[in-house]
Amino acid sequence: MPQLPGFPPVDITLRRSARTRRFSLRVSRLDGRVTLSMPLRARESEALRFAAEQEGWIRQTLAQMPGRRVVGLGDVIPVEGLMRALQLGSGRSVRLEGESLLIPGDPAQAGVRAGAFLKLMARDRLAAACDRHAARLGRPYARLTLRDTRSRWGSCAHDGALMFSWRLIMAPPAVLDYVAAHEVAHLAQMNHSPAFWAVVEQLFPRWQVQRGWLHAEGQALHGYVFGPQTGD
């Protein structure tokens, strides 16, 4: 695999495509892989020269990515904006208690069980928020699904289906509420026009604060891995 020299060296994955007309770089938010797309007949030397010219951007982007680590007992994670310690609990169910997330059972499964708990919590909070905003707007949504998306925190399809990243449950509650209002507003305005933002303001006044939090802090939420070799 070709590399970008320097310290540390950076592996470059080359991807040729008949549909590609120019060189382009992408850094995966999932694993930090650097992919250089190139025209089918372009020379590898030309591609690597292009990568070298973009070295500053590549290294800056990699440096800004959150460190990813597998969560386990003893670790501290954000839940609704507050840091909670994963500790061994009794009984059968995972539960929040003070500043702790108590997880019974096999310690090796603590991260997986914590992730499952957060997803259930996220669904409850997002459903309640979307129901409230949709009722106020007078426009029902079709369904609500959760995913582990990294490119967006939520979306609204033309059929009224709403999708959200379950990791919103780790953000402060007002941030989750804002994203729910943002996507519900698309039921009235499928765009980002001034009319759309007026609907958002109606549903969630002073939304700019929560949007700013996502831009500044949101990426760090993807650094928590709730299972071996997965982002789930």
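You'll find the structure just up there.
First, a word on what this report is: a plain description of the structure on this page. All of these numbers come straight from a predicted model, not from anything done at the bench.

Thresholds, definitions, all that
- Residues numbered from 1 in each chain as written.
- Predicted model: local features only at pLDDT ≥ 70, side-chain atom pairs only at ≥ 80, totals over all residues.
- Heavy atoms only, no water.
- Helix = DSSP H or I, 4+ residues; strand = E, 2+ residues; numbered from the N terminus.
- Buried < 20%, exposed > 50% of the residue type's maximum accessible area, 1.4 Å probe, protein only.
- Contact = heavy atoms within 4.5 Å.
- Areas by Shrake-Rupley, 256 points an atom, 1.4 Å probe, with all protein chains shown as cover.
- Pairing = 2+ DSSP bridges.
- Axes fitted to C-alpha atoms, helices over the stretch in contact; angles between N-to-C directions.
- Parallel < 35°, antiparallel > 145°, perpendicular 65-115°, else oblique.
- Left-handed = near helix turned anticlockwise from the far one by under 90°.
- Nonpolar A, V, L, I, M, F, W, Y, C, P; charged D, E, K, R; others polar.
- Arc of directions from axis to C-beta.
- Phe/Tyr/Trp six-rings, centres within 6.5 Å; stacked < 30°, edge-to-face > 60°.
- Salt bridge = Lys/Arg side-chain N within 4 Å of Asp/Glu carboxyl O.

**What to know about the overall build of the protein chain**
Then step 1. Helices and strands together make up the secondary structure of the protein chain, namely six helices and 13 strands.
Then step 2. Dimensions of the protein chain, computed from the C-alpha atoms along their principal axes, are close to 55 × 50 × 30 Å.
Then step 3. For the protein chain, buried positions account for 44% of its 232 residues.
Then step 4. Long-range contacts, defined as pairs at least 24 residues apart, comprise 48% of the intrachain contacts of the protein chain with a sequence gap of at least 6.
Then step 5. Split by element, the accessible area of the protein chain, about 12800 Å² in all, is 51% carbon and sulfur.

**Description of the sheet that holds strand E10 (residues 143–147)**
Pairing between sheet strands relies on hydrogen bonds along the backbone, with the strands arranged either parallel or antiparallel.
Then step 1. Reading across the sheet, the three strands line up as E10-E12-E11 and stay open at both edges, with mixed pairing between neighbours. Looking at which strands have only one partner, the edges of the open sheet turn out to be E10 and strand E11 (154–156). Here the average twist between neighbouring strands, direction ignored, is 15 degrees.
Then step 2. Relative to strand E12 (residues 161–165), E10 runs parallel, the two being bridged by five bridges. Each residue of the ladder has a partner; that of Arg147, found in E12, is Ser165.
Then step 3. The strands touched by helix H3 (residues 110–137) within the sheet are E10 and E12, with E10 carrying the most contacts at an inclination of about 145 degrees.
Then step 4. Along the sheet, helix H4 (residues 173–185) makes contact with E11 and E12, crossing E12 at roughly 155 degrees.

**With respect to the packing of H4 against helix H5 (residues 194–203)**
Then step 1. Orientation of H4 relative to H5, taken along the N-to-C sense of each, is 135 degrees, at an axis distance of 9 Å. Taken together, the axes of H4 and H5 are oblique relative to one another. H5 is crossed by H4, and the crossing has right-handed handedness. From H4, Tyr178, Ala181, His182, Val184 and Ala185 reach across to H5, where they touch Phe196, Trp197, Val199, Val200 and Leu203.
Then step 2. In terms of residue class, the contact of H4 with H5 is made up of nine nonpolar, one polar and no charged.

**As for unusual backbone geometry**
Then step 1. Although it is not a glycine, Glu80 adopts a positive phi angle of roughly 50 degrees.
Then step 2. Along the chain, Glu80 turns up in the loop between strand E6 (76–79) and strand E7 (82–88).
Then step 3. For Arg206, which is not glycine, the phi dihedral falls at a positive 60 degrees.
Then step 4. Residue position: Arg206 is located in the loop between H5 and helix H6 (208–217).
Then step 5. Looking at Arg206, the relative accessible area reads 63%, which means it is exposed.

**Some thoughts on H5**
Then step 1. Those residues of H5 that sit buried are Phe196, Trp197, Val199, Val200 and Leu203. Axial view of H5: buried residues confined to an arc of 150 degrees, hence all on one face.
Then step 2. Residues of H5 that are buried make contact with H3, H4 and H6.

**Notes on the packing of aromatic side chains**
Then step 1. The full count for this structure, using the stated rule, is six aromatic pairs.
Then step 2. Connected via pairs of aromatic rings, a cluster forms that spans Tyr178, Phe196, Trp197, Phe204 and Trp207.

**Brief notes about the pattern of salt bridges**
Any two side chains of opposite charge can pair if their charged atoms end up close together.
Then step 1. For the coordinates displayed, the defined rule picks out six salt bridges.
Then step 2. For Arg59, the salt bridge identified is with Glu55, shortest N-O distance 2.9 Å. Taken together, the residues span about one helical turn, with Arg59 and Glu55 both in helix H2 (residues 55–64) at a distance of four residues.
Then step 3. Residue class for Glu55 comes out partly exposed when judged on its relative accessible area of 27%.
Then step 4. One salt bridge connects Asp148 with Arg167, and the closest N-O pair in it is separated by 2.7 Å. With Asp148 in the loop between E10 and E11 and Arg167 in the loop between E12 and H4, this residue pair connects regions lying 19 residues apart in the sequence. Arg167 matches Asp148 in its accessibility class, with the two residues each being buried.

**A short note on the sheet that holds strand E4 (residues 34–39)**
Then step 1. Strand order in the open sheet made by the four strands is E1-E2-E4-E3, with mixed pairing throughout. This sheet does not close on itself; its edge strands, each paired only once, are strand E1 (3–4) and strand E3 (24–27).
Then step 2. Pairing between E3 and E4: four bridges, direction antiparallel. Each residue of the ladder has a partner; that of Arg26, found in E4, is Thr35.
Then step 3. On top of the sheet, H2 reaches E1, strand E2 (10–17), E3 and E4; it is set at about 15 degrees to E3, its chief contact.

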